[in-house]
Each structure stands twice: as structure tokens, then as C-alpha cells.
Amino acid sequence: MRAMCIRNRGRSCALAVALLLAPLLACADEPGMRLSEWLAARPASADDYPAGLLWQVPEEEAAQAGLRAALLQRLDAAGNPGAGRLRAWLSGLPVTGRVPVSIVDPDWLSANLRHNPVVRPGQRISLPQRPRTVELILSNGRHYRVAHRSGAHAPDYLAAATGLAGDVDWVWVVQPDGLVKRFGVAGWNRQKQDEPAPGAWLWAPLRSDAWAVELGDDMAEFLATQGVASGADGATEMGSDSNGALAADPVRDADLFISANDWGVIGLLQTPTARMRPAGYGAMTLSRTMPYSRTNVFLQPLEWLEFGFRYTSVSDRYYGVAIAGDQSYKDKSMSLKLKLNDESAYVPQVAVGLLDMTGTGLFAGEYVVASKRTGQWDWSLGLGWGYVGARGDVSNPLAKLSPAFNTRVKPVVGTGGNFSWSTYFRGPAALFGGMQYHTRWEPLSLKLEYEGNNYRHEPFHNPAQSSPWNVGAVYRAGRALDVTLGYERGNLLTLSLTLQTDMARLATPKLDDPAPVPVSEFAPAKNALGQATALDLERQSGWSVRRIVQEGDRVRVDIDGAKASYWRESLDRAGAVLHRDAPAEVKSFVFAHSQSGVPLADLTVDRAGWVARQTEPLPPAQQADTVVIRQPAAASQSAATVYQAEPARFQFEPGMGLKYNLGGPDGFILYQIFAEGTARWKLRDDTWLQGGVQLRFLDNYDKFRYTQGSLLPHVRTYLREYMTSTRLTLPNLQFTHVGKLAANQYYSVYGGFLESMFAGAGGEWMYRAPGSSVALGIDWNRVRQRDFRQDSGLMDYRVNTGHATLYWDTGWNDVLATLSAGRYLAGDRGVTVDMARTFPNGVRFGGYFTKTNVTAVQFGEGSFDKGIYVAIPFDAMMTKTSGKMATLVWQPLLRDGGARLDRAVRLYDMTRLLDERELQYRPAELDNNIPIPSQRPLQWGVSAPQ
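Nothing here was measured: the structure is a model prediction, and the numbers come from that model.

**Quick word on the overall build of the protein chain**
- When its secondary structure is counted, the protein chain shows 14 helices and 44 strands.
- Scored against the burial criterion, the 946 residues of the protein chain give a buried share of 53%.
- For the protein chain, contacts bridging at least 24 residues in sequence account for 63% of all contacts bridging at least 6.
- Roughly 40500 Å² of accessible area belongs to the protein chain as shown, and the carbon and sulfur atoms make up 57% of that amount.

**Regarding the packing of aromatic side chains**
- This model, assessed by the stated rule, comprises 21 aromatic pairs.
- The interplanar angle of 75 degrees and the centroid separation of 5.4 Å between the aromatic rings of Phe363 and Tyr387 together place this pair among those described as edge-to-face. Of the two residues, Phe363 is situated in the loop between strand E17 (349–354) and strand E18 (365–374) and Tyr387 in the loop between strand E19 (377–386) and strand E20 (429–438); the sequence distance between them amounts to 24 residues. Residue Phe363 shares its accessibility class with Tyr387, and that shared class is buried.

**Let's talk about the environment of Tyr643**
- Relative to the elements of secondary structure, Tyr643 occurs in strand E30 (residues 640–644).
- Of the residues examined, Tyr643 reaches a relative accessible area of 14% and is grouped as buried.
- Spatially, the C-alpha atom of Tyr643 lies 8.1 Å from that of Leu529, the residues being 114 residues apart in sequence.
- Not counting the four nearest positions on each side in its chain, Tyr643 is found in contact with Gly530, Gln531, Ala534, Val545, Arg546, Arg547 and Ile548.

**Regarding helix H7 (residues 216–223)**
- Among all positions in H7, only Gly216, Met219, Ala220, Phe222 and Leu223 are buried. Down the axis of H7, the sector holding all buried residues measures 160 degrees, keeping them to one side.
- Residues of H7 that are buried sit in contact with helix H2 (61–78), helix H3 (81–91), strand E9 (170–174), strand E10 (180–184), strand E11 (201–204) and helix H6 (210–214).

**Concerning the nonpolar core**
- If you look at the biggest cluster of nonpolar residues, it comprises 48 residues, and the most contacted ones within it are Trp543, Val555, Val557 and Phe591.
- Setting aside residues no more than four positions away along its own chain, Trp543 makes contact with Glu538, Ile559, Ala562, Lys563, Ala564, Trp567, Ser570, Leu571, Ala574, Phe591 and His593.
- Membership of the second largest hydrophobic core comes to 27 residues, among which are Leu75, Leu93, Phe222 and Leu223.

**With respect to the pattern of salt bridges**
- Throughout the structure, instances matching the rule amount to 39 salt bridges.
- Residue Arg580 pairs with Asp536 through a salt bridge whose shortest N-O separation is 2.8 Å. With Arg580 in helix H10 (residues 567–581) and Asp536 in helix H9 (residues 531–541), this pair connects stretches of sequence that are 44 residues apart.
- Its relative accessible area of 32% is what places Arg580 among the partly exposed residues.
- Residue classification places Asp536 among the partly exposed residues on the basis of a relative accessible area of 22%.
- With a shortest N-O distance of 3.9 Å, Arg789 and Asp791 are connected by a salt bridge.
- By sharing partners, the salt bridges in this structure join Arg546, Asp560, Arg649, Lys682 and Asp685 into a single network.

**Some words on unusual backbone geometry**
- For the bond from Met290 to Pro291, the omega torsion is 0 degrees, close enough to zero to count as cis.
- Examined against the element boundaries, Pro291 turns out to sit in the loop between strand E13 (281–289) and strand E14 (292–302).
- Of note in this structure, Ser596 is not a glycine but carries a positive phi near 50 degrees.
- Secondary-structure assignment places Ser596 in the loop between strand E27 (588–595) and strand E28 (598–606).
- Phi is positive for Asn813, close to 55 degrees, though the residue is something other than glycine.

**Concerning the side chain of Gln56**
- With respect to the secondary-structure elements, Gln56 resides in strand E4 (residues 54–56).
- Take Gln56: its relative accessible area is 7%, and that puts it in the buried class.
- A distance of 3.2 Å separates a polar atom in the side chain of Gln56 from the backbone oxygen of Thr96.

**Quick look at H9**
- When H9 is considered as a whole, its buried residues turn out to be Thr533, Ala534, Leu537, Gln540 and Ser541. For H9, the angular spread of the buried residues around the axis is 135 degrees, confining them to a single face. Turned more than 90 degrees from where H9 packs its buried face, Gln531 and Arg539 sit exposed.
- Packed against the buried residues of H9 are strand E25 (544–551), strand E26 (554–560), H10 and E30.
- Backbone geometry just after H9 places Gly542 at a positive phi near 80 degrees.

**Some remarks on the packing of H2 against H3**
- Running from N to C, H2 and H3 cross one another at 160 degrees; their axes reach a closest spacing of 8 Å. Classified by the angle their axes make, H2 and H3 are roughly antiparallel. For the pair H2 and H3, the sense of crossing is left-handed. From H2, Arg68, Leu71, Leu72, Leu75, Asp76 and Ala78 reach across to H3, where they touch Ala83, Leu86, Arg87, Leu90 and Ser91.
- For the contact of H2 with H3, the class distribution of residues is 7 nonpolar, 1 polar and 3 charged.

**Some thoughts on the confidence of the model for the protein chain**
- Per-residue pLDDT for the protein chain has a mean of 87; in total, 88% of the residues score no lower than 70.
- By mean pLDDT, the top-scoring element of the protein chain is strand E37 (residues 774–786) (98), and the lowest-scoring one is strand E2 (residues 13–16) (32).
- Segment residues 1–30 is flagged for pLDDT under 50; beyond a separation of four residues in sequence, or across chains, it makes 68 contacts in the model.
- For the stretch residues 942–946, pLDDT sits under 50, and the model shows 12 contacts to residues farther than four places along the chain or on other chains.

**Focus on the environment of Leu354**
- As for its position among the elements, Leu354 is in strand E17.
- Classification of Leu354 as buried rests on a relative accessible area of 15%.
- As for Leu354 and Gly365, which are separated by 11 residues in sequence, their C-alpha atoms are 5.9 Å apart.
- Setting aside anything within four residues of it in sequence, one finds Leu354 in contact with Met334, Ser335, Leu336, Gly365, Glu366, Tyr367 and Tyr424.

**Brief notes about the pairing of E25**
- Most of E25 sits out of view: 6 of its 8 residues are buried.
- Direction of pairing for E25 relative to E26: antiparallel, over a ladder of 7 bridges. Bridging across to E26, Glu551 finds its partner in Arg554.
- One ladder, built from 4 bridges, connects E25 with E30; its direction is antiparallel. Within the sheet, the bridge partner assigned to Gln550 lies in E30 and is Ala640.

**Focus: the packing of H2 against H7**
- The interhelical angle for the contact between H2 and H7, taken along N-to-C directions, is 140 degrees, at an axis separation of 10 Å. Taken together, the axes of H2 and H7 are oblique relative to one another. Every pair of crossing elements has a handedness; the one defined by H2 and H7 is left-handed. Between H2 and H7, the residues in contact are Gln64, Leu67, Arg68, Leu71 and Arg74 and Asp218, Met219, Glu221 and Phe222, respectively.
- Here the residues of the contact of H2 with H7 sort into 4 nonpolar, 1 polar and 4 charged.

**Digging into a nonpolar patch on the surface**
- Residues Met284, Leu286, Val471, Leu485, Tyr487, Leu493, Leu495, Leu497 and Leu499 make up a contiguous nonpolar surface patch of roughly 810 Å² in combined accessible area.
- Counting residues per element, the ones that place at least two in the nonpolar patch are E13, strand E23 (481–488) and strand E24 (492–502).
- The dominant element in the nonpolar patch, judged by the number of residues it contributes, is E24, at 4 residues.
- Note on placement: Leu495 falls in strand E24.

**As for the pairing of E18**
- Burial analysis of E18 places 7 of its 10 residues in the buried class, the great majority of the element.
- Where E17 meets E18, 6 bridges bridge the pair, whose relative direction is antiparallel. Bridge pairing in E18 places Leu354 opposite Glu366.
- Taking the residues that link successive antiparallel strands as the turn, the E18-E19 hairpin has 2 residues, and the phi of Gly375 there is positive, at about 65 degrees.

Scoring rules and cut-offs
- Residue indices begin from 1 for each chain and proceed along its sequence in written order.
- In keeping with the model being predicted, local features are shown solely for residues with a pLDDT of at least 70 and side-chain atom pairs are shown and tallied solely at 80 or more, while totals for entire chains, interfaces and linings include all residues.
- Where side-chain values are given, they derive from all heavy atoms of the structure, hydrogens and water being excluded.
- Counting from the N terminus, the helices are the DSSP runs of H or I reaching at least four residues and the strands are the DSSP runs of E reaching at least two.
- Burial classes follow relative accessibility: with a 1.4 Å probe on protein chains only, a residue under 20% of its type's maximum area counts as buried, one over 50% as exposed, and anything between as partly exposed.
- Whether two residues are in contact is decided by their heavy atoms: any pair within 4.5 Å suffices.
- To be clear on the numbers: accessible area is Shrake-Rupley with a 1.4 Å probe, and residue cover counts the displayed protein chains and nothing else.
- Side-chain rings of Phe, Tyr and Trp (the six-membered ring for Trp) are treated as a pair once their centres are within 6.5 Å; stacked means planes under 30 degrees apart, edge-to-face means over 60, and tilted covers the remaining angles.
- Comment: arc refers to directions from the helix axis out to C-beta atoms.
- Residue types Ala, Val, Leu, Ile, Met, Phe, Trp, Tyr and Cys, when buried and joined through side-chain atoms within 4.5 Å, form a set referred to as a nonpolar core.
- For salt bridges, the criterion is a side-chain nitrogen of Lys or Arg within 4 Å of an Asp or Glu carboxyl oxygen.
- Residues adjacent in sequence count toward polar contacts only when both atoms are side-chain atoms; beyond that, a polar contact is any pair of N or O atoms within 3.5 Å, and within protein one must be able to donate a hydrogen and the other to accept it.
- Here an axis means a line fitted to C-alpha atoms, over the contact stretch when the element is a helix, while the angle between two N-to-C directions is reported on a 0 to 180 degree scale.
- The labels follow the angle: roughly parallel below 35 degrees, roughly antiparallel above 145, roughly perpendicular from 65 to 115, and oblique for the rest.
- Each helix crossing is assigned a hand: it is left-handed if the near helix lies turned anticlockwise from the far helix by less than a right angle, otherwise right-handed if that turn is clockwise.
- The residue classification treats Ala, Val, Leu, Ile, Met, Phe, Trp, Tyr, Cys and Pro as nonpolar and Asp, Glu, Lys and Arg as charged. All others, Gly included, are polar.
- You can read pLDDT as the predictor saying how much it trusts each residue, on a scale of 0 to 100.
- For two strands to be treated as a pair, DSSP must find at least two bridges joining them.
- Two distance rules govern patches: like charges are joined within 9 Å, and nonpolar side chains (Val, Leu, Ile, Met, Phe, Trp, Tyr) within 5 Å, applied only to residues with over 30% relative accessible area and no salt bridge.

Next comes the structure, spelled out in C-alpha cells:
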């Protein structure tokens, strides 16, 4: 190994020859030396191995020593000879204080300071020579040094060194640069592999050593601190049969191939399997199986929950000429699948599901299914009831619990919407199953299944089935599209298309945003704060700057009405502007945020720490929080105002809008596209008049002729009349005042045309403490139904409506639970439960239901109100930052029961900055090879800034 000391920032240097016996040696005699300078100044050698570069930071040694001590303690507790040998070896490994460096290229590092370390006194840099081996460590204490071979993966090294490849399920690959990944290597969990680089560590716990598998992440983390695998004493030297490269085999190390069936559920063709997509996925499947055309939309909010809805169009059955002419019958349904356990070497993955749990019950079916993988084959076997097991050739095993399980009640067509508890898993059952084969041509998978339905009990007809065996093929065109062609029932060709994406990783480069202001390591000598600062702040962050003041050693920026999907990104852009213009004596920046004149929070940025995070990759021990959120505080009386803006009193924003209804008898999609303009006239910051006009210019609501009678007041089922009575409408025109009653207590009062169907007056009170996981709101409204033309006219119907709402951030899987209780627009009383999971990039999957004191008969078709929704930040989809959200809601039927007032101003939304979760959302990584610097969640301070 070589070592070098640079004494003069790259202008003059002295070379030193490393001691041959010193395993790691390098030094930086002058504070502030950049790694790029060190690399550029030293003479290059063919034996250099940049991937194994060690940046050693003494401050990291304590944490790494603690990690090693914890590992040794757990090995002691294992109490077997293998763990003892492993402990003896591990105790001999040094505590290095190593901090990984993402990319080791002097030119690239010079242009990317956030990845270019600054080497300070006491820290060391060393560049090893290129290794020729890979180190394999087993949980029995044996370790092997195997000759590196291009194209080889972890299973190849296992086979070459030990012959125990069949006894290992997981291998942690620790690359020389410190990157750690876990890969499945057995027949049941084989995954697409990253090739271990020369000098990599492979940690391979044996299947029989469950304790060692639990050590996996911690063991790999400690091995990553060692740098290049040095070849521990006692390692068995293993060569290879050939030094040539291995031929690539993309299928041998391929991920499990899963795809949707005709019903949109992960499965084969007609039958489901126990498989599921990763959490965060969304998919739409369009399938055609005569006489059914299905549109299926499915979400994966949790790794063990698959949930979705579908519309089934029955081409040879109609709603009826009196209802909808020749419109084919549409059946709406929801499906649910729950994973009961994960697959392991000897145990299959098992899931339970309901095919049509709240629809009309025409296609209702339940199932329990198990799936087991063996290499390129994935097998499934299940037991189905109802539509899934309509063959009925197996006695219901649940009848041993109760004879009631022997009888299944036929569905009552035309109502639907209720949970049919008395039919689930009842009646005769049938076995189903099959297999899927991932061919050696990676995009192609073949399917074969035996289904449990004989089609003799179809709702509307009895199609012929020549064979219960179905065959098909799936072609994966890229990551987003699956095309499935099948031959089912022995006599029918089928086709389906599936569009799918990982919505939790949606991200789009901001090509239309202004280029960010470069962050210098040094503060400017002169004070440049002023109007140009404010203009650049607004341009970079999109925030409206009201005032900039300098208060001694800090600068305060007053901001009102800020929106952001990713607060940290906007904060960094704003911080770069202030750092460029604020003089060196300024030590902190305070962004004082308010909404509609109501102070919410002060975001205080420690300048030195923030600059360090922007201009170098900090070791973990130095990654202290540089941003603290505090209760709002007034500006100091001695503050010097450097910029003051008079707020705009009138705002106008044009736009386009879309309204839609899906699956009705008059047409599968009813839509209205309109132009709109929204305006706000501020009397004061906290008091304003707002309104909007809409001009519809493209729609097909003229087809909307059918509305089923309602036994409740028509508070929503007059939708057709409101949508078609006139082209120009005034959906909203209201006066609003908001304020703060006391600490953590907010209120609003409002009156006018509150929404397209109701006018009136009301108010809301909310208690919400900063950083709290719980908030409580109460709203009450006296409203009257508006005229269909949405002008100044009113109708006779009046009602008092309002709710008490509890918001609870559960802390479990980023799930927000909302519970509302009160009176609805039709006068019914009840509760609404809403559950939503938000992913790190801000995408939210949610669902809700409302149960009130009206019967299913009074409510009408659908039985009770329910729906699911997806909310996506525009920033995850668009090339320009906006801070807005797109929300897609699927509501099976728009009915009068459980209807709530659509209020334009909601205090929970207005105070969203008080939610710690809002401050943790960030863009998904666009390039997995360049890690984003660590970002800890912002924390609430305990006192106001001084």
C-alpha cells in the first residue's frame, strides 16, 4: 500500500513510502485537504484499487467498537463451536473508523463537493493494491479465500469453496467500497445478483444457524468497515477450475417472476397464488375472457396486503332498455388478499383472499393458497369456495367447526356493497393450483393451471368448459407492461394487459426548475442581503417572502402560504441563496412560516453545519441535525429590516379540471373537462374572499339518464342536474377568516357558496401540538341546498352537519388513521374511518368507509359509502416543482348516505407543517449508484430561538 501527505493544498507535495508492514497508512497534515486533491497529486499505479479506498475517521471508532462488542456478545450467547470460532476470528479484526466513499474519481469528486471528503487532522486515507480474491465467511466459523472470477456470483463462490451452496439461503455481499446488499441464493429465493468485486466479503449463514441469519445485517455492517478483504489468518485458499469469465445467465439469478391473472390479482390465469408485489406498487389490468371484459386496479399498501377494485362488463347482458339502452351490464367489486406467512426453505408462502367481498356477490369467492418456488418454477396449490371453487368436488373442511359452513347463500343481485359474512368460506369447495415457469428468455414466463370453477353456476349463463386446464404465456415488455395470452376452458383464447409501476419510487428530474445556487465553502465578506435575495428566494423555493431581517448573528425570513412536497429540498435551495448573500457573522437562518397570517413554525438552520452537509460527505458521527423546528417567535425589536414586501391583495389562477364517474349504466366512463379560474381577495392576511368559476366545454354527461331512487334526501344523487344544467357555474364563493385562539389551538369561520351543491356558514376548531402524533378537530355547519345552475339561487332543503375528527399518526408503517363522528348532509348520523399509508416520496394509498344509522335499504345500491384513493405529489411526476397533489378517488357509487360537506378550507391541511412526517418526505433516488447524503428527520426544539 502507498501513503501520501499533502502539505500545500495540492500545489506542492511530498511523497512518502508506506511501511510495508503497515496494513493501512496515510495522512493529511493540513486541515481541509480534499480527497480529490489527494488522488490528483499522487502518481497513479496500475496496482491501485480505488474501490477499496479507506477514509478512516477516529470519531467513528467508538460506534464501530460498540457494534463489534454487540456481535461478540451475541456470538457468546449462541453457545456452539461454530459461533466460538467465528467469535475468535471477529475479535481479531481491527476497528478502523472507516467511512465509505461513494465514487473515487478526482475529476468527478471535484465537481461534486457533496461527495468529496475533507480530510482533517487525525484522519487517514489509504489506497490498497488490487486484490485477486474474495473472502467467504460461514456461520460455522470457517472462512475461505477464493480466487475472484469475472461473472461469478455469490452462489458460485459458495459452490467452489464449500460445496454447501444448498445449505445457505442468504448471502450478504459486502463490496470493497462498503456497499452492502443481501441476496437470496437458494432454489426457493434466488435473486438477481450483483457480482462481488475483487476484495469483497461474503457473509453466508448456514440455514441451520438461525442465530447467524439474525446477525446478518450487523455482521455485514461491521465487515464493510474493514475495506478490502485482507484474508484472515487461517483462511482456506481456494482457486477456481478456470480463470476465465463465467457466461452470463440472467435467468439463473433472476428474481421471482410474478404477474397478474385475469382478475388483476397476482396469480396464474383464473386462479390466484400467494405471491404479492413489493409495497408501494400500483397496477391496472385490462382482461378479455368472453363474455367478460374486466378493468382491475390494484394497490399494494403493505408488503402483506393486496387490495383493489374492478369493473366487469358482461357483454351479453344489459342493464335494460328502460334504464340505459344497449349499455352492457357492469358489475363492481372489491378484492382483498392477505399474506399469512413468508416462504422459507421448507415452508411455502400462504395467503388468504376474497375475490368479491363487497360487490353484488355475482363473482364472490374465497380461497386459501400456498406457493413454493423451486428455481425457475413457482408452484401453487389452493382451496377455493364460491366462484373460485364452484366445481364443488371437495367437502368443506370448515364444516367440522360448524355445519353452517356446508351451505352457501346465493347472492341477491342489485344491492351489493355489504360484507356478506354469512357466505364467506361456505358451501362446497374445490382444489386449484398450477405452476409458472420462467424461461431462459428473461421476458417470457409460461403458465399452467388447474382451476376450481366448472362454469356451471355462472350468474347469467353457463359457458361450456372442455377442460379445467388452462395454459398461457406472459411477455414482460420492460418494467411497466405485461402482455398475457391464454387458452382457457379448453376452447377460449384470452388476452390481458397489465400496466404496473413502483409508485413509492416515482421520481422525475426537475429539468424546468431554475439551476440551484452553488454553495461555497466560505461565507461572503460583504453583506448582500436585499431585494435580489428575496427575488431569488422566491424563484428557488416557490415561497412568498414577506420580510427579511437581520437580528444580530442570524437572518430571519418571514414566509406566508408556503407549499412543498419535499420541504428539505426547498429548504436547501433557500439556504443556498441566504448563504450566498449573508455576511460571515450570520450563524443561523430562520425561516418563519405562517399560513394565511397564522404563525405555524420557525425552521432554524445552523449555517456552519448546513454548509458542511452541502459541501462534503460528513461521517455519521458528525451528522448532527442542522435544522430545528421551533414554536413561532416574533422578530426582535432591534432587528434590521433589509427587505419588506407589501403582500398582494388579489390573486387569480387559471387552470383546467376533470370530473368523472366510472361504471354506471349510462356509460363506463362519464366525464366532464372544464376550464376554471380561482381568485382570492385578501382583506387581511387572515381574512379573505375566495371564489371560482368553471366553464365546461367537453363532456358526455348527456348520456347520464339513470339515477336509482333514494329513500334519503337527494344531497348527492342530483349530480346529473348539477353537471348539465348550465355550462358556466360558480361552484365556490365564500368569506373566510382563520386565527389562533391559544397555543396549539386554531379556528376558522366561513360563509357563502361553500361547494357546488350547498351554501351556508360554519366554523372549525382544531387542537394540534407541534410534532404530536394526535390532532383533534370539530366543525359545524348550517347549510342549504343550492340551485342546479350553481348561481345565487337556493332550494328549500336545509340541514345542520358537522363532525368531530381525530387524526392519529400511528407510527406503524407510516399509517395515518382518521376517525370522524357526526351528522352528514342527508341528516344521517355515523362514523367515517380512513386509513392511509404515505411512502417516503409522498405518495399515499388510502381507503375509507362510512357507516351511519340508515339501513342498507334506505342507503340503496352499495349499502354504505366506501372508497379507495391514491394521492401523488406533482413533484414526483412533473419536471417543475409545484408542491401540489393529484388525488385519484374510486367511489363505487355516489349515494346520499354518508355524504360530507366539501369544505374548501380545512385546518388539518392548513397546519400540515406541524406534522413531523411532512418534513421527512424526499424525492426517490433517481440514480441508485450515487447515494443521497444522510438526512435525519427534522426535530422540534423545546424553546423559541434566542
